[in-house]
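# Descriptive analysis of the structure
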Amino acid sequence: MNRTRIPFRILALSAVLIACSRTSVIAQSGVSSALSGIVTDATGATVPGATVTATSISTKTQQSATTGADGAFLFSQLSAGIYRIAAQAPGFASTAQDVTYSGEPIRLDFTLATEAVQTQVTVNAHELYPTEPAHVDITPEQIERIPSQSVSSPLSSLITLTTPGVSADSNGSFHPLGDHAEASFVIDGQPITDQQSRTFSTQISLNALRSIEVREGSPQADVGDKTSMVIVAETRSGLDQRRPSGVVSFSRSSFATTQVSGNVGFGTAKFGSFTAVDGINSGRFLDAPEPAALHANGNAQNLIERLDFKITPQTSLQLNTSLSRSWFQTPNTLDQQALGQNQRQTVDTFNVAPSIVHTLNSVALSQTNLWVRQDKIRYRPSEDLFADTPATLAQARRLTNAGIRSEFTYARGRHTAMIGADWRHTFLSEQFTTGLTDPAYNSPCLGPDGSPSPNTAYIDPSQCAPAGLTVDPGFLPGLLAIDLTRNGQLFNFKGYTDIKQEAVFGQDSIRLRNVTFNLGLRFDNYNGLTSSSEFQPRVGAAYTASRLHTVFHLAYSRVFLTPYNENLIVASSSSPGSTAGALGAVDSAILKTGRRNQFNVGFETQVLKLLSLSGEYLWKFTYGAYDFDVLLNSPLTFPTQFRKSKIDGALFRATIAPTHGFTGYLTVSHVRSRLFGPETGGVSFSPPYSNVARPDHDEGLAMNLYTRYQIGSRGPWVGVSYRYDGGLVAVAVPDYATALRLTGDEQGQMGLYCGATFANASNPIRSCGAHLGATRIRIPPAGTENDDRNPPRIAVRNVVDLSIGQDDLFRHEKQILGVRLDVVNLANVNGLYNFLSTFSGTHFISPRSITAQIRYTF
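Residues numbered from 1 in each chain as written. Predicted model: local features only at pLDDT ≥ 70, side-chain atom pairs only at ≥ 80, totals over all residues. Heavy atoms only, no water.

## Here we look at the packing of aromatic side chains
A full pass over the atoms with the stated rule returns 15 aromatic pairs. Seen in terms of ring centroids, phenylalanine 73 and phenylalanine 110 are 6.2 Å apart; in terms of plane orientation they differ by 40 degrees. Their pairing is tilted. Here the residue phenylalanine 73 occupies a position in strand β4 (residues 72–75), and phenylalanine 110 occupies one in strand β8 (residues 110–112), the gap between them amounting to 37 residues. With a relative accessible area of 2%, phenylalanine 110 lands in the buried category. Aromatic ring contacts, followed pair by pair, group Phe73, Phe75 and Phe110 into a single cluster. (Phe/Tyr/Trp six-rings, centres within 6.5 Å; stacked < 30°, edge-to-face > 60°. Helix = DSSP H or I, 4+ residues; strand = E, 2+ residues; numbered from the N terminus. Buried < 20%, exposed > 50% of the residue type's maximum accessible area, 1.4 Å probe, protein only.)

Here it is in structure tokens:
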């Protein structure tokens, strides 16, 4: 394994930044100067010692700041929402302004009058600071009230249902802006770039979050690695909660699903504690490959603790810890259920993340984050290996990531500047055992009906013609060594490695009247199975048309991409005796780093303070683009790499501000993703893509519509959510000739029919003299399929969810009892997420599911 020394200049600069800034602020985490300003009197003189209070309209929590000698105040941390900002000082009348904070820093100045005059104004944050990339703010009400379409991954479901440009996939996986799962999470400043779907890791519980911001515009200099989408989340705090308060809820749903959750926060002005726990048990924990959930039980438990301690008014410590465990069965197909397949998986995750924030003065602050995080995956086969089909698999995988990040931010006058450094060390351990158990999976011969022959006596294509059979073009001779039905042996693999990554970055936002320039530069160094580094300019400009209440922006970003860590060692094995050689792979090569040129243009506007509109168009040109493949149609997936990709797309979102009890939003997106061969990295068991093709995470059109109405401020409410999916590409069935060779169960999954006859597990369709079609997959007519222009796709889905609740059913002092009813997939649409996907196989969306919840708030 090659290793290179970390450049001395990188270490030196990192040390200087950390030492000089003492701590850092993560601008992308929402810990930068959320709200700042100056308090003056009527003559323009500054007012030192004034008290400025920020009160959340929804939660009633308060934060206070005192102006310094220069009259300046600063709030370093606010969650998205509406706040009443009040300023008062002895001898002056108090004044207040309402602001809508959406994650972008707000500049707010107060003028105190000596007479008893009070003013109240409404300010919209996005009009005041047009330097943020395109983003979506998910409000606390949406976090709480939008029903989840995924039992095991509610955070992924929430992002999919609120954000344009997101293609939904199974088991909590989603594809942002045409890329395969290329999303980063930032939790209280801690970056997490590893995949967070249920089969890879454990997502943070919504029970612990108070705000979420989804950034999908041009990445700024402080963001690296997985940049297509950055999900910035802030956990709840117990600071200033003199009386313990929290929520306990219990729900019961379809598929014998039971969920219990609770949280409590308490503290003083200097100390705070917030604890969140939840557990779920379900008979349909993962999305199933059949309309009915077979062998799909699962459960998960989460414990999250956040401690805050204010050492001084300028310095705060924070410690986040979490522990999660999940156990679940791998859902079976009808064929697997008949054999008694019993594959199971466990995921254990822990996270420890201390941080320190220091406010130097009214214009400068800093933060340092440290963390260690581990995902431990165990996949267990059936007790009888031949009950597993088409292959048996046992796996143990561990991913441990440790790091430190330091950033310093300075905001004064026209400039908002930041510099920072980031160091991460990832340890990978991968072990697995596998072997073929289905004699038809890799048969050298096809029977008279065109399906693979299950006769285990056939081990060479030369045996086909004498037996009156034809040669199977998909036969891989290399797999005979592990074909247990043909005297093969189990294949065992063990691999270990570590990856070091360093980054330094700087950026300055310069505002000149109505124009704001963003000038940034980032340097990344990657030292893993390969070594590489890159300077990345990030530049942009925004123009504020004040009379139109509109901001126009454009940006260019150079992005340095690194391989996915999940099963990276398996994917990069290319030496003799490696996985690729032993399993008869079509091709194999070590994955390398990639580069991207990204361009963004867009706008954001406000109409009558009731409606906000935003639009974005993006182009991404990637050299060394990543995708995923699957090992022997098993749950073991791993990254692959292609020569290049081209992605472009349009995003639109309209948001209605709360008015007369109504609120809601509409998102529409069109994204086009194209992969260009050949495959240049990873192990490939599938036939190579054509020169240009649409990957199976390409989706042309997606739309979300959500509206909610509430009677009064405490009355009952009803919410309706609508999701349109144009359908992911189904690369496994380019034509009906291919569909006719599938098993009866697979044909039944896709809804294949001949005339009035539908295929099922016991009655496959091998030929058809009538009309041949499929209800769940759109297969192009014969002779019209084109991997780029006209690929097969999953059929269009239209899904409606309904939620009804009364949060204030009973109230006594600080104790409140509420109830809620959710119906997911109201019309009981029978649709697919994917079909024989190279990433995850076949999965159905959830059938109609009804959930009743009771909630106690204290």
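## Quick look at the side chain of glutamate 290
Along the chain, the position of glutamate 290 falls in the loop between β19 (271–282) and β20 (298–312). No salt bridge is formed by the buried glutamate 290; its nearest oppositely charged neighbour, arginine 776, is found at 7.3 Å. (Lys, Arg positive; Asp, Glu negative; His and termini not counted. Salt bridge = Lys/Arg side-chain N within 4 Å of Asp/Glu carboxyl O.)

## So, the sheet that holds strand β42 (residues 772–774)
Read across the open sheet, the three strands follow the order β41-β40-β42; overall the sheet is antiparallel. The sheet terminates laterally at β41 (757–758) and β42, the two strands that pair on one side only. Here strand β40 (residues 752–754) pairs with β41 via two bridges, running antiparallel. Bridge pairing in β41 links cysteine 754 to threonine 757. (Pairing = 2+ DSSP bridges.)

## Let's talk about the pairing of strand β25 (residues 415–436)
Note: strand β24 (residues 391–412) against β25, 22 bridges, orientation antiparallel. Across the sheet, the residue bridging to arginine 405 is aspartate 422, located in β25. Direction of pairing for β25 relative to strand β28 (residues 491–512): antiparallel, over a ladder of 20 bridges. By the bridge assignment for β28, arginine 424 is matched with glutamine 501.

## Examining the environment of valine 363
Examined against the element boundaries, valine 363 turns out to sit in the loop between β22 (344–361) and β23 (364–380). On the basis of relative accessibility, which here comes to 17%, the residue valine 363 falls in the buried class. As a C-alpha pair, valine 363 and glycine 37 span 326 residues in sequence and 9.5 Å in three-dimensional space. When sequence neighbours within four positions are dropped, the list of residues in contact with valine 363 reads Thr409, Tyr410, Ala411 and Arg412. (Contact = heavy atoms within 4.5 Å.)

Function cannot be inferred from these measures alone, as they are strictly geometric.
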